Amino acid sequence: MAPFRVFRIDIDKDLSGWRPEAGKTDKYGNEIEDRVYNQKDFDRELVLEKRTALVAGRIADFMRKTDPYGKTIVFCEDIDHAERMRQYLVNALPEYAQRSKRYVMRITGGFRGREGRVGQLYHA
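Residues numbered from 1 in each chain as written. Predicted model: local features only at pLDDT ≥ 70, side-chain atom pairs only at ≥ 80, totals over all residues. Heavy atoms only, no water.

Novice: Residues and numbers for unusual backbone geometry, please.
Specialist: Positive phi, close to 70 degrees, is recorded for D43, a residue that is not glycine. Tracing the chain through its elements places D43 in the loop between α1 (12–16) and β1 (46–47). Judged by relative accessible area, D43 falls into the buried class, the value being 3%. (Helix = DSSP H or I, 4+ residues; strand = E, 2+ residues; numbered from the N terminus. Buried < 20%, exposed > 50% of the residue type's maximum accessible area, 1.4 Å probe, protein only.)

Novice: I'd like a description of the packing of aromatic side chains, backed by residues and values.
Specialist: Inspection of the entire model under this criterion finds four aromatic pairs. Each ring, one from Y69 and one from Y96, has its centre 5.4 Å from the other, and the planes form 90 degrees; the classification is edge-to-face. One end of the pair, Y69, is in the loop between α2 (49–65) and α3 (79–92); the other, Y96, is in helix α4 (residues 94–97), with 27 residues separating them in the sequence. For Y96, a relative accessible area of 14% corresponds to the buried category. Through a chain of ring-to-ring contacts, three or more aromatic side chains come together here, namely Y69, Y96 and Y103. (Phe/Tyr/Trp six-rings, centres within 6.5 Å; stacked < 30°, edge-to-face > 60°.)

Novice: Tell me about α2, and please be specific about residues and values.
Specialist: When the terminal C-alpha atoms of α2 are compared, their 24 Å separation across 17 residues agrees well with the 24 Å that a helix rising 1.5 Å per residue should span. Taken residue by residue, α2 has R51, T52, V55, A56, I59, A60 and M63 as its buried positions. Check the buried side of α2 and you find it contacts α1 and α3. (Expected span 1.5 Å × (residues − 1). Contact = heavy atoms within 4.5 Å.)

Novice: Quick rundown of the pattern of salt bridges? Include the residues and the values.
Specialist: Counted under the stated rule, the structure contains 15 salt bridges. Two residues, D12 and K13, come together in a salt bridge whose shortest N-O distance is 3.7 Å. Since its relative accessible area comes to 49%, D12 is described here as partly exposed. R64 is paired through a salt bridge with E95; the nearest N and O atoms lie 2.6 Å apart. Here R64, found in helix α2, pairs with E95, found in helix α4; they are 31 residues apart in sequence, far enough to count as distant. Residue classification places R64 among the partly exposed positions, given a relative accessible area of 36%. Residue E95 is classed as partly exposed on the basis of its relative accessible area of 30%. Connected via shared salt-bridge partners are E33, R35, K40, D41 and E45. (Salt bridge = Lys/Arg side-chain N within 4 Å of Asp/Glu carboxyl O.)

Novice: Any details on the nonpolar core? Residues and values, ideally.
Specialist: Core analysis: the largest hydrophobic core is formed by 13 residues, its most contacted members being I59, M63, M85, L89, L93 and Y103. If you list the elements that add at least two residues to this core, you get α2, α3 and α4. With five residues, the single largest contributor to this core is α2. Discounting chain neighbours no more than four positions away, the residues touching L93 are A60, M63, R64 and Y103. Core analysis: the next-biggest nonpolar cluster, separate from the first, contains six residues, W18, Y37, L46 and L48 among them. (Core = buried A, V, L, I, M, F, W, Y, C linked by side-chain atoms within 4.5 Å.)

Shown next as structure tokens:
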């Protein structure tokens, strides 16, 4: 059995936070509260889609360099985040995902709507 490795991906927004410009709205037209959002807010109260795409891209790069068929677990905040990450990984690894619809799978332990949310979830 091969040893397992744990990698944490922190990007600039994780380390320094993110504050929306005055009057910034999400993709649904809702104004985003003017405050500094940090790592505890991401994918709970605020979704930065470019951040999700960047993380998926880094995971894809790692998988291509090591073993693209090796078992990989990506921990997510909730079911919605897991589904978004699954789709971004499919997009980041199309050469493998096209071969099998089971290449990237979402495996969760809850039921949609029962995982609980804090505050309003924004998609910026």
